[in-house]
Amino acid sequence: MLSLDNQTLERLNSGAPSALASRRRRALEEYRRLEMPTPKEENWKYVNLGFDLDEMGLPTAPGDRLPDDGFAASLSNRAGSAFMVDGRLLVVDNDSEARLGSADEAGGSGSGMDLLAADTDKFAAAALAFSVDDITLRIPRNRAVEAPFVIDVQSTCSNTVTFPSLTIRAEENSEATVVVLFRSPEGVPSVLVPNLQTTVGYGARLSVTTVGLMGSEGANVMHHRSKIGRDATLRIGEIGLGGRLSRMDLRTTLEGRGGSVEVVGLYYGEMQQVLDYRLVVNHVGPSTSSEVFLKGGVQDHAQSIFTGLLRIEEDAAGTSAFETNRNLVLSDGAKANSVPNLEILCNDVICGHGSSVGPLETEPLYYLMSRGISKARAERILVRGFFEEAIGRLPLDDLDEPARQAVNRRFALAQEGGRV
Amino acid sequence: MGVALKVQNLRASVGSVEILRGVDLEIPFGQMHALMGPNGSGKSTLCHVLSGHPDFTAEGKAWVDGEEILDLGADQRARLGLVQAFQSPVAVPGVELEEIMQEAAEERGIDPDEADRRIAEASRRFDMGPFLGRSVNDDLSGGEKKRSEIFQISVLSPKAALLDETDSGLDIDMVRTVAAAVEEMRRPDMGVLMITHHSRILSYVIPDRVHVMMGGKIVTSGGPDLAQELEQSGYEGLRKRLGITSAGADTTPKPAFDFFTDHPFSS
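Everything numeric in this text was worked out from a predicted model, so none of it was measured.

### Regarding the packing of helix α3 (residues 97-107) of chain B against helix α5 (residues 142-156) of chain B
Residue and element names in this part refer to chain B.
Step number 1: Where α3 contacts α5, the axes come no closer than 11 Å and their chain directions differ by 25°. When the axes of α3 and α5 are compared, the pair comes out roughly parallel. Seen from above, α3 lies across α5 with right-handed handedness. Counted together, L97, I100, M101 and A104 of α3 and S148, F151, Q152, V155 and L156 of α5 form the full contact between these two elements.

Written out as C-alpha cells, the structure reads:
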C-alpha cells in the first residue's frame with residue numbers, strides 16, 4: 001500500500017509531463033492543508049465518514065477484474081468498453097469512431113481539463129494529486145455513436161483508496177451515450193474517489209448514466225463536473241444502489257445559450273447505507289434549461305441526503321429550471337433528507353421545485369387492497385410504481401430492468417424479513 | 001334465496017365524529033337496491049366502512065353472503081366478494097390498470113388466461129382499451145374514472161357490489177352502458193347497492209328497493225316510486241312527510257368526503 005504522501009506523489013510523477021507533475025504537487029499542498037470533512041460543514045451535513053484518507057493508501061498493483069454483474073450483463077450491445085481496476089486502466093475495447101483510452105491515446109486536450117478545483121474538499125485534492133490512470137472518451141465533431149460506451153470502474157483491494165479520473169468530451173454536434181459503473185466486491189472495504197468531468201460542445205447531445213454498485217463495505221465519493229455549451233444537451237442518469245457511503249457531488253454549468261441539462265434517476269438504500277447527493281446546477285447562459293428529477297427510497301437504517309441548488313445568474317434570461325426529489329421512507333429507522341434550493345439573480349425565469357419525504361401513502365394502499373390485493377403485495381406494487389416514473393426517464397432503456405429488479409428485490413426481502 | 005349483503009345497526013366514526021348512526025340494510029342475491037340521500041348524509045362513508053377503510057372505527061355487524069366482515073382487512077373483504085366502485089378513486093402513479101386487475105385475479109386464484117379474457121371483454125364493453133396500460137386513475141377525467149371503476153367491478157365480479165355515484169359525471173351514452181351493466185349484475189349470485197343522486201339512471205335500470213339516508217341512518221325505504229317522489233318533492237318534501245326536522249338530520253360534518261380526493265395527502 002502506498003501512503004498518500006510526498007514519496008508516493010514523486011513516484012507517480014517520475015516520467016510525467018511537467019504540467020501534470022506540478023498540478024499534482026499543488027494538489028498535494030491542498031490535501032495537506034485540508035481536514036477530513038465533518039458533518040458540521042453544510043456540504044457534508046449528515047455524513048459521518050468513519051475513515052481517514054491519511055490512514056489509507058493506493059494499492060501497489062491492481063487486483064483481478066470483477067466478473068460482470070446484472071447491470072454489466074444487460075449492456076451487451078456496446079460501442080466500446082474500458083475497465084479501470086484499482087485506479088489502473090486495464091482493458092479498452094473500442095470499434096467506434098470515438099476515441100477511448102488514456103488521455104494521451106484518446107488525443108485532444110483531455111488531460112489538461114481541470115473542471116474540479118483542488119480546494120473543493122480533501123477528496124478532490126487527493127483525487128488531483130494521486131490519480132494514477134485516466135480514461136478519456138472523446139466523441140469527434142459531427143459523429144453520432146448509437147450504442148453505449150461502458151466505463152467499468154472497480155475497486156478490489158481491501159483498505160485501499162483509488163482515484164479514477166474519467167473525462168468525457170462530446171465535441172461539436174456529436175452524440176453519444178455513456179454508462180459508468182462503480183463496483184467493488186462484497187466484504188471488501190475500500191474507497192473510490194472518482195473525478196468525472198464532462199464537456200458537451202456546441203449542439204452536442206450526451207448522456208452519462210452513473211450506476212453505484214459498490215459492496216456494502218465500499219465507499220464512493222464522486223465529484224462530477226460538467227460544462228454544457230451552446231444548444232448542447234446533457235442527460236445525467238443515476239442509479240444509486242451500492243456502498244456503505246455513496247456520494248455524488250455534481251456541479252454542472254450551462255454556459256452557452258440554449259443549453260440544457262437533465263438529472264434523472266433513482267436511489268434506494270438498505271441496511272446502514274448512506275446515499276448522499278449534492279447537486280448544483282448553474283445557469284450562466286441565456287435560454288438555458290434544467291430539470292432534476294430524482295426519486296429515492298430508504299429502508300432499515302439507511303439514510304439519504306439530497307441537496308439541490310438551482311442557481312440562475314444575472315445574464316441567464318429566458319431560463320427554465322425545475323427540480324423534483326421524492327423520497328419513500330419504508331422503515332422506522334431509515335431517514336431521508338431533502339433540501340431543494342433556488343438562487344435566482346435574474347427576473348426572466350421559470351423555476352420550480354418540489355420535494356417530499358414520507359411513507360407509502362395510505363389511500364392508494366387502501367385502494368389496491370379494496371380490489372382484493374393483500375397488504376404486502378399492495379405495498380410491493382406501490383413501491384414498484386413509485387420508482388417506475390424515474391426508471392422510465394433513465395437515458396438508456398437497457399438499464400431499466402436491472403434497476404427495477406434491484407429495487408423490487410430489496411423491498412421484497414425486507415418485507416420477508418419484517419424489516420419494513 | 002341467500003343474502004348478498006346484510007348490515008345491522010352499523011355505527012361508524014372518524015376520530016370523535018360519528019357519521020353512521022345505526023344503519024340496517026339487507027340486499028338479497030339477485031337484487032339491486034338504490035341508496036339516495038342529501039350530501040353529507042353518510043352514503044359514501046357507508047361504502048368505505050363496509051370496504052374496510054382504515055380511518056373509520058365501526059360498531060355493529062355486516063355480512064357478505066353470510067360471512068361477517070367487520071373484523072377483516074379491506075383485502076380480505078374484497079376477496080370474500082365485496083367490491084366498491086369508488087366515487088373519487090385515488091391515482092396510483094406508475095401502476096397500470098391491467099396490472100392491478102391481473103394481481104387481484106391472481107390473489108383470488110383466478111387462472112391468468114381467464115383473467116385476461118375477462119379483462120379483454122370488460123375492456124371492450126367500457127371502452128377501456130386505451131387505459132389498460134396507463135397508470136390507474138392518473139390523469140383521467142371524472143367520467144373516465146367512473147368507467148374504470150365499473151370496468152373493475154365487471155372484471156372482479158363480486159358477490160356484493162357497492163357503486164358509489166358511478167353514474168354521475170358520465171355522458172348519456174355511458175350512463176346507458178353503465179345502466180345495462182348494472183342490469184346484468186342483477187343475477188342470482190350478486191347483489192348491488194347503487195348510490196345515486198340522479199334518478200336519470202333509474203329510468204334505465206329499475207331498482208328492487210330504494211333507501212333514503214339522512215343523518216347517518218336509513219330513514220325510509222320503498223319501491224321505485226320513492227325515487228320518483230324524491231325527484232318531485234325533494235328531500236325537504238320527504239322530511240315533511242316523515243316528520244323529520246331538517247336540523248339534526250343533515251348536520252353531519254363532512255370529513256369523510258374530503259378524504260377521497262385524488263391526492264389526499266400530496267405535498
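### A look at unusual backbone geometry
Glycine aside, residues mostly have negative phi, and peptide bonds are mostly found in the trans state.
Residue and element names in this part refer to chain A.
Step number 1: Even without being glycine, D300 reaches a positive phi, approximately 55°.
Step number 2: In this structure, D300 sits in the loop between β19 (289-298) and β20 (303-312).
Step number 3: Relative accessible area serves as the criterion here: at 7%, D300 is assigned to the buried category.

### As for the sheet that holds strand β6 (residues 82-85) of chain B
Residue and element names in this part refer to chain B.
Step number 1: Here we have 6 strands laid out as an open sheet, ordered β6-β9-β10-β3-β11-β12, and mixed in their pairing. Strands at the two margins of the open sheet, each flanked by one partner only, are β6 and β12 (217-222). Averaged over all adjacent pairs, the angle separating strand axes in this sheet is 20°, with direction ignored.
Step number 2: Of the pairings in the sheet, the one linking strand β9 (residues 160-164) to strand β10 (residues 191-195) comprises 5 bridges and is parallel in character. Bridging across to β10, L162 finds its partner in L193.
Step number 3: Docked against the sheet, helix α7 (residues 225-242) engages β3 (32-36), β11 (209-214) and β12, running at close to 40° with respect to β11.

### A look at the interface of chain B and chain A
Step number 1: Facing 38 residues of chain B, the contacting portion of chain A comprises 24 residues.
Step number 2: Carbon and sulfur atoms make up 57% of the surface buried where chain B meets chain A, a total of about 2,400 Å² over both sides.
Step number 3: Ranking the residues of chain B by area buried against chain A places D75(B), E103(B) and E107(B) at the top, with a combined share of 21%.
Step number 4: Remark: the boundary between chain B and chain A carries 6 salt bridges.
Step number 5: R371(A) is the salt-bridge partner of E149(B), the closest N and O atoms lying 3.3 Å from each other.
Step number 6: Where chain B packs against chain A, one counts 17 residue pairs in polar contact (both at pLDDT 80 or more).
Step number 7: Elements supplying a minimum of two residues to the side of chain B that touches chain A: α1 (43-51), α2 (74-80), β6, β7 (92-96), α3 and α5 of chain B.
Step number 8: The leading source of residues in the side of chain B that touches chain A is α3(B), at 7 residues.
Step number 9: Of the residues contributing to the side of chain B that touches chain A, the split by class is 20 nonpolar, 9 polar and 9 charged.

How each quantity is defined
Residues numbered from 1 in each chain as written. Chains lettered and ligands numbered in written order. Predicted model: local features only at pLDDT ≥ 70, side-chain atom pairs only at ≥ 80, totals over all residues. Heavy atoms only, no water. Axes fitted to C-alpha atoms, helices over the stretch in contact; angles between N-to-C directions. Helix = DSSP H or I, 4+ residues; strand = E, 2+ residues; numbered from the N terminus. Parallel < 35°, antiparallel > 145°, perpendicular 65-115°, else oblique. Left-handed = near helix turned anticlockwise from the far one by under 90°. Contact = heavy atoms within 4.5 Å. Buried < 20%, exposed > 50% of the residue type's maximum accessible area, 1.4 Å probe, protein only. Pairing = 2+ DSSP bridges. Buried area = accessible area lost by both parts, 1.4 Å probe. Salt bridge = Lys/Arg side-chain N within 4 Å of Asp/Glu carboxyl O. Polar contact = N/O pair within 3.5 Å; in protein donor to acceptor, adjacent residues only side chain to side chain. Nonpolar A, V, L, I, M, F, W, Y, C, P; charged D, E, K, R; others polar.

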